[in-house]
Every structure is written in structure tokens, then in C-alpha cells.
Amino acid sequence: MMVYYYFVCQRKLYYFCKNLRMEQDDENVAIGKVLDETAYSHAEKHITVNNQISVDYIEKSRILHEVKKSRSIEEAGIWQLKYYLWYFKQRGVEHLTGKIDYPLLKHTESIALTKEDEAHLLNVMKEINAIQGMKTPPPRKTKKICKKCAYYDLCFI
Ligand code: SF4
């Protein structure tokens with residue numbers, strides 16, 4: 001989740017790291033939950049590994065899947081999945097690939113981990129650690145997603 005939030009908004013990541021959880025009031029999260037309960041109901045879902053990552057589901061052919069409702073913050077979803085591939089590779093599980101499923105759009109995107117991605121993820125992990133250690137949130141950057149963000153009131157009111 002931290003890698004995902006890092007790419008969505010670093011201020012959001014900061015709030016999350018400080019255990020300020022407000023997602024339960026957010027309508028978008030509610031839609032995501034309904035989608036999660038109805039899409040791919042045949043598959044075993046939410047495989048949690050070492051209490052650190054939670055893969056939506058894994059196909060027998062070594063494909064990790066993430067299910068997203070829209071492509072509005074697509075980059076974050078892609079990096080979240082690349083992080084999962086990297087996490088497994090660090091622990092000796094190689095030759096996995098990923099897919100992001102958008103059931104509402106009837107679209108699937110294939111994701112692979114490159115050497116460049118691995119180097120970038122190392123930097124991302126360092127920056128996440130730095131954000132975790134901050135005493136005040138990173139500066140607010142107004143984004144398209146702000147109005148739908150669960151932390152909107154904290155940032156703008
Ligand atoms: S409201 Fe905007 S700036 Fe504030 S945490 Fe959410 S996305 Fe980030």
C-alpha cells in the first residue's frame with residue numbers, strides 16, 4: 001500500500017504512515033470493495049505475504065493480478081504490482097509476471113519488472129523511509145484526485 005500511495009500522493013502516504021485512516025468514509029473505496037467482492041469470484045483472493053504485501057489473486061501460471069476500478073491513477077497501480085514482483089524476486093521467487101485487471105473497462109494490462117524498474121524501486125523505498133520519518137506532512141500539491149481523496153478535509157479545510 002505504501003508504494004501505491006507514494007505514487008498517488010506523498011502527503012497521503014505520510015497520513016497513512018501516521019495511522020490516520022479515513023478511507024472507510026470514502027465513496028470510492030466503497031465502490032472498490034463492491035468490485036472486489038463481485039469480480040473474479042472464482043479466484044482465491046487477497047493473498048497476504050509476510051503481512052507486507054497483499055496480492056489480489058495469483059493465477060496458476062505464475063501471474064500476479066491486481067484489480068482496479070479505473071485507470072485514473074494507473075501509474076500507482078503499475079508500480080504497486082512491479083513492487084510485488086520485486087518483493088518476490090528478492091526472496092528467490094523469479095519468473096513471475098503481473099496483470100492489472102480493469103473489470104469495469106473490460107481491459108487487462110500486462111506488467112513486467114525490468115532492471116531499470118528495480119533500480120527505481122530501490123530509490124522509492126529510500127524516499128518512503130524518509131517520508132515515514134517526517135515530523136510534518138510533505139507540502140500539499142493540488143491534484144485531480146484531491147476532491148475524491150479521503151484526506152481532502154485534512155488538506156483543504
Ligand atoms: S487531498 Fe490531495 S494533497 Fe491531500 S492527501 Fe489527498 S491527494 Fe494528497
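Use the structure listed above.
The structure contained in this document is the topic of the report that follows. (Residues numbered from 1 in each chain as written. Predicted model: local features only at pLDDT ≥ 70, side-chain atom pairs only at ≥ 80, totals over all residues. Heavy atoms only, no water.)

Time to look at the pattern of salt bridges. All chains considered together, the criterion is met by 5 salt bridges. Measuring nitrogen to oxygen at the nearest pair gives 2.8 Å for the salt bridge that ties Glu 109 to Arg 71. Within this pair, whereas Glu 109 is found in strand 5 (residues 107–111), its partner Arg 71 is found in the loop between strand 3 (63–67) and helix 4 (74–90), the two being separated by 38 residues in sequence. What makes Arg 71 partly exposed here is its relative accessible area of 35%. Between Asp 117 and Lys 82 there is a salt bridge, with the nearest N and O atoms lying 2.6 Å from each other. Remark: Lys 82 occurs in helix 4 and Asp 117 occurs in helix 5 (residues 115–132); sequence separation between them is 35 residues. (Salt bridge = Lys/Arg side-chain N within 4 Å of Asp/Glu carboxyl O. Helix = DSSP H or I, 4+ residues; strand = E, 2+ residues; numbered from the N terminus. Buried < 20%, exposed > 50% of the residue type's maximum accessible area, 1.4 Å probe, protein only.)

Mapped onto the fold, Tyr 14 is located in helix 2 (residues 10–17). Ignoring sequence-local partners within four residues, the contact set of Tyr 14 consists of Ile 131, Met 134, Lys 135, Thr 136, Pro 137 and Pro 138. (Contact = heavy atoms within 4.5 Å.)

This paragraph deals with the nonpolar core. Taken as a class, soluble globular proteins show a tendency for nonpolar side chains to be buried jointly. Ranked by size, the top nonpolar core spans 36 residues in total, and within it Tyr 6, Phe 7, Ile 53, Leu 64, Tyr 83, Tyr 84 and Phe 88 carry the most contacts. Of all the elements in the fold, those that place two or more residues in this core are helix 1 (2–8), helix 2, strand 2 (53–59), helix 4, strand 4 (97–102) and helix 5. Counting residues per element, this core draws most heavily on helix 4, at 10 residues. Not counting residues within four places of it along the chain, the set of residues in contact with Phe 7 comprises Glu 75, Ala 76, Trp 79, His 120 and Val 124. (Core = buried A, V, L, I, M, F, W, Y, C linked by side-chain atoms within 4.5 Å.)

Below, the discussion takes up the layout of surface pockets. In this structure, the second largest pocket occupies an estimated 160 Å³ of space. Along its surface, the second largest pocket is lined by Tyr 6, Phe 7, Val 8, Cys 9, Gln 10, Arg 11, Pro 138, Pro 139, Lys 141 and Lys 143. Of all the secondary structure elements, the ones that give two or more residues to the lining of the second largest pocket are helix 1 and helix 2. By residue number, the principal contributor to the lining of the second largest pocket is helix 1, which donates 3 residues. Split into classes, the residues belonging to the lining of the second largest pocket amount to 6 nonpolar, 1 polar and 3 charged. (1 Å grid on protein atoms, 1.4 Å probe; cavity = no way out; pocket = protein on both sides within 12 Å on 5 of 7 lines; lining within 4 Å. Points joined across faces, edges and corners; volume = space filled by probe spheres on them. Nonpolar A, V, L, I, M, F, W, Y, C, P; charged D, E, K, R; others polar.)

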